[in-house]
Amino acid sequence: MNILRIIPLGSESPTKSYPDVIQMSGTKNQDPEFFGYKAYHTLDSIYAYLDLLAKMYPSYMEVFELDGSTYQGRKIKAIRITNDIRNETSREKPMVWLNGGTHSREWISPATVMYIADALSGDLEPERRAEVAALRDTFQFVIAPIINPDGYEYTRIDRYWRKNRKPSGCRFNLESCAGECIVEECYGVDTNRNWDVHFGILGSSTDPCDYSYPGEQAFDQECVQIIRDYLIQQSSVLKVHIDYHSYAQLFLYPWGHTREEPEHLEYYNRVGAAYVEAIKQTTGKTYLSHRIVEIHQQKYPGKWYDVSGSSIDWVYKTFGVVDSYGIELRDQGEEDFDLSTDQILPTGQESFAGLIAILDIISED
C-alpha cells in the first residue's frame, strides 16, 4: 500500500495553497501534498515536500538552506523540527543532526531520512504522537535529506554513480605536457572520504576516477565544506550525528580509521543493542552493530574495513560527540542499491524506531 501524505484533519494547515506540481520518479506529476513512500523522488520533489511540511506544521518545523552552494550551484536544504520553534531558546536544545545522500546511488538513504522528518510530525505514526511530541520538547532535529545533491541528480543519468560531480583530474593521474588527460578525465570525489581525520591514508584511492577517491586534500569539496561549517557553528549544542547509507543492515560507530577500540565502546554496545532490538521488534529485520572498521568481519573473519576521512570519525574526534553513527540500511546485498520501492516504507519505519531507541538511552543518561 502506498502511503500518501495528506494533511490530516485537525492538524496545522498551510497558510496558503501549494499549487506547484513536481515530478515524482516512476509516477505521473502529482501535487507535493501527496508525497509517498512507494517511489524514489527527485531532488526538486524532496525539497518541495520539505517546504510543504514546514507550512503544515509551522509551530515546530522550518526549512532553511545551509550557507554556500555545491560545485554545480545547488543548495543543500534542511528542515529543523522542535516544539516552540519560533522561540530563540529552542536553538539551545540538544541537536540531533541526520543526513542522507552522502553517496548518490544509495537512494534508500534520502527516502528514509525523509520518512523520519515526516514521522516527527506525529501524524505519520499516530500511535507514537505523544512520544514524538516529548522528543520535540527535548531535542531540536536538523535533517538534511541529500547532502550530495549534484551526485544524486546525476544518478538519473548514471544510476550507480557514487561520488559528487566536481572534476577531479585524470585517470591514473596521467596527463600530457599540454595538460590534457591521456586516458580520460575524471569526475567526483567520495564525500565520505573527504573529512579531515587521517585523510587519504586508508580505504581510498589515489586514482581520481576511482569511486573511493578522497580528493586532493581534506575539505576541498564544496558540499563537504557546507556541512562542516554548519556543524562547527552548531558544535556547542550538537548531541547526535547520524549519516545514513546503504546497504548491509548495520549500526556503525567509531572508529573507521584505526583498529583501536574507542573510549566509549561499552556505551556503543549498549546503544547498538537497543537500536538492533528496536528494528527487530518493528519489522523483524536483523541488523548488526559494530565499529566501522569491522564491516567485513561477519562475512569475512579477519578482514578489516579500514577507512579514513569519514564524517562519523571526524565528528567524534573533533567535537567529542559520542553519539556519532553511521547506518547502513537495507538490504544485505540481494538488491543492493536498487532496493525495491516496496521496501521504502518498512525501512523508514524501522529506522524511526531505531532512532527513538537511541534517543531514549540519551534521555535516560
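First, a word on scope: everything that follows refers to the structure included in this document.

Cut-offs and rules
Residues numbered from 1 in each chain as written. Predicted model: local features only at pLDDT ≥ 70, side-chain atom pairs only at ≥ 80, totals over all residues. Heavy atoms only, no water. 1 Å grid on protein atoms, 1.4 Å probe; cavity = no way out; pocket = protein on both sides within 12 Å on 5 of 7 lines; lining within 4 Å. Points joined across faces, edges and corners; volume = space filled by probe spheres on them. Nonpolar A, V, L, I, M, F, W, Y, C, P; charged D, E, K, R; others polar. Pairing = 2+ DSSP bridges. Helix = DSSP H or I, 4+ residues; strand = E, 2+ residues; numbered from the N terminus. Axes fitted to C-alpha atoms, helices over the stretch in contact; angles between N-to-C directions. Contact = heavy atoms within 4.5 Å. Core = buried A, V, L, I, M, F, W, Y, C linked by side-chain atoms within 4.5 Å. Buried < 20%, exposed > 50% of the residue type's maximum accessible area, 1.4 Å probe, protein only. Expected span 1.5 Å × (residues − 1). Disulfide = S-S within 2.5 Å. Phe/Tyr/Trp six-rings, centres within 6.5 Å; stacked < 30°, edge-to-face > 60°. Parallel < 35°, antiparallel > 145°, perpendicular 65-115°, else oblique. Arc of directions from axis to C-beta.

## Quick look at empty space enclosed by the protein
Next up, step 1: Considering all chains together, one arrives at 4 cavities of 30 Å³ or more under this definition.
Next up, step 2: A volume near 60 Å³ is recorded for the largest cavity.
Next up, step 3: If you go around the largest cavity, the residues you meet are Phe35, Tyr37, Ala39, Tyr40, His41, Ile46, Trp107, Pro110, Ala111, Tyr152 and Ile344.
Next up, step 4: Looking at the lining of the largest cavity, its residues break down into 10 nonpolar, 1 polar and no charged.

## A word on the sheet that holds strand 3 (residues 95–99)
Next up, step 1: As summarised here, the arrangement of the 8 strands in space is 1-2-4-3-7-10-8-9, forming an open sheet in which the pairing is mixed. Among the strands making up the open sheet, the edge pair consists of strand 1 (61–65) and strand 9 (288–291). Between one strand axis and the next, the sheet turns through 20 degrees on average, direction left out of account.
Next up, step 2: As defined by bridge partners, strand 8 (residues 250–253) adjoins strand 9 across 4 bridges and the pair is classed as parallel. Its bridge partner lying in strand 9, Tyr253 is registered against Arg291.
Next up, step 3: Relative to the sheet, helix 8 (residues 344–364) contacts strand 3, strand 4 (140–144), strand 7 (238–246), strand 8 and strand 10 (323–329), its axis offset from that of strand 7 by approximately 155 degrees.

## A look at the nonpolar core
Next up, step 1: Ranked by internal contacts, the top residues of the largest apolar core, which has 65 residues, are Phe141 and Ile143.
Next up, step 2: With 9 residues, helix 8 is the largest single contributor of residues to this core.
Next up, step 3: Ignoring any residue separated from it by four or fewer positions in sequence, one finds Ile143 in contact with Lys77, Ala78, Ile79, Ile81, Leu98, Val113, Ile116, Ala117 and Leu120.
Next up, step 4: Membership of the second largest hydrophobic core comes to 23 residues, among which are Ile147, Ile226, Leu238 and Val321.

## Comments concerning helix 2 (residues 108–119)
Next up, step 1: Look at helix 2: 16 Å from first C-alpha to last across 12 residues, which is about the 16 Å you get at 1.5 Å a residue.
Next up, step 2: The element helix 2 is extensively covered by neighbouring structure, given that 12 of its 12 residues are classed as buried.
Next up, step 3: Taken together, the buried positions of helix 2 are occupied by Ile108, Ser109, Pro110, Ala111, Thr112, Val113, Met114, Tyr115, Ile116, Ala117, Asp118 and Ala119.

## Comments concerning the state of the cysteines
Next up, step 1: Applying the stated rule across the entire model yields 2 disulfides.
Next up, step 2: The side chain of Cys170 participates in a disulfide bridge whose partner is Cys181; the two sulfur atoms lie 2.0 Å from each other. Measuring handedness by torsion sign, the sulfur bridge of Cys170 and Cys181 sits at about -75 degrees and is left-handed. With a gap of 11 residues between them, Cys170 in strand 5 (residues 167–170) and Cys181 in the loop between strand 5 and strand 6 (185–187) connect regions that are remote in the sequence.

## Let's talk about the packing of aromatic side chains
Next up, step 1: Following the criterion strictly, the structure yields 23 aromatic pairs and no others.
Next up, step 2: Residues Tyr268 and Tyr316 carry aromatic rings whose centres are separated by 5.9 Å and whose planes lie at 70 degrees to one another, so their mutual orientation is edge-to-face. You can see Tyr268 sitting in helix 6 (residues 265–283) and its partner Tyr316 sitting in helix 7 (residues 311–319), a full 48 residues away along the chain.
Next up, step 3: Looking at Tyr316, the relative accessible area reads 7%, which means it is buried.

## Some points on the packing of helix 1 (residues 43–56) against helix 2
Next up, step 1: Where helix 1 meets helix 2, the axes come as close as 11 Å, and the angle between the chain directions of the two elements is 5 degrees. In terms of their interaxial angle, helix 1 and helix 2 are classed as roughly parallel. Facing helix 1, whose interface residues are Ile46, Tyr49, Leu50 and Leu53, helix 2 presents Pro110, Met114 and Asp118.
Next up, step 2: Of the residues assigned to the contact of helix 1 with helix 2, the class counts are 6 nonpolar, no polar and 1 charged.

## As for the pairing of strand 2 (residues 77–81)
Next up, step 1: Across the 5 residues that make up strand 2, a large majority, 5, are buried.
Next up, step 2: The two faces of strand 2 match: Lys77, Ile79 and Ile81 on one face and Ala78 and Arg80 on the other face are all buried.
Next up, step 3: Here strand 1 runs beside strand 2; their pairing, made up of 5 bridges, is antiparallel. Residue pairing across strands places Met61 opposite Ile81, the latter belonging to strand 2.

## Concerning helix 3 (residues 129–138)
Given 3.6 residues to a turn, an α-helix orients residues that are three or four positions apart in the same direction.
Next up, step 1: By the burial criterion, the buried members of helix 3 are Val132, Leu135 and Arg136. Down the axis of helix 3, the buried side of the element spans an arc of 100 degrees, and every buried residue falls inside it.
Next up, step 2: At its buried positions, helix 3 is contacted by strand 2, helix 2, strand 4 and helix 8.

## Digging into the layout of surface pockets
Next up, step 1: Estimates place the volume of the largest pocket at around 900 Å³.
Next up, step 2: Residue lining of the largest pocket: 35 residues in total, with Tyr247, Ala248, Ile295, His296 and Glu328 positioned closest to the centre.
Next up, step 3: When contributions to the lining of the largest pocket are tallied by element, the ones reaching two or more residues are strand 7, strand 8 and strand 10.
Next up, step 4: Residue contributions to the lining of the largest pocket peak at 3 residues, all from strand 10.
Next up, step 5: Residues belonging to the lining of the largest pocket are distributed by class as follows: 14 nonpolar, 14 polar and 7 charged.
Next up, step 6: The calculated volume of the second largest pocket comes to roughly 200 Å³.
Next up, step 7: Those elements giving two or more residues to the lining of the second largest pocket turn out to be strand 1 and helix 5 (222–233).
Next up, step 8: Here the element with the most residues in the lining of the second largest pocket is helix 5; it accounts for 5 residues.
Next up, step 9: Across the lining of the second largest pocket, the residue classes tally to 4 nonpolar, 5 polar and 6 charged.

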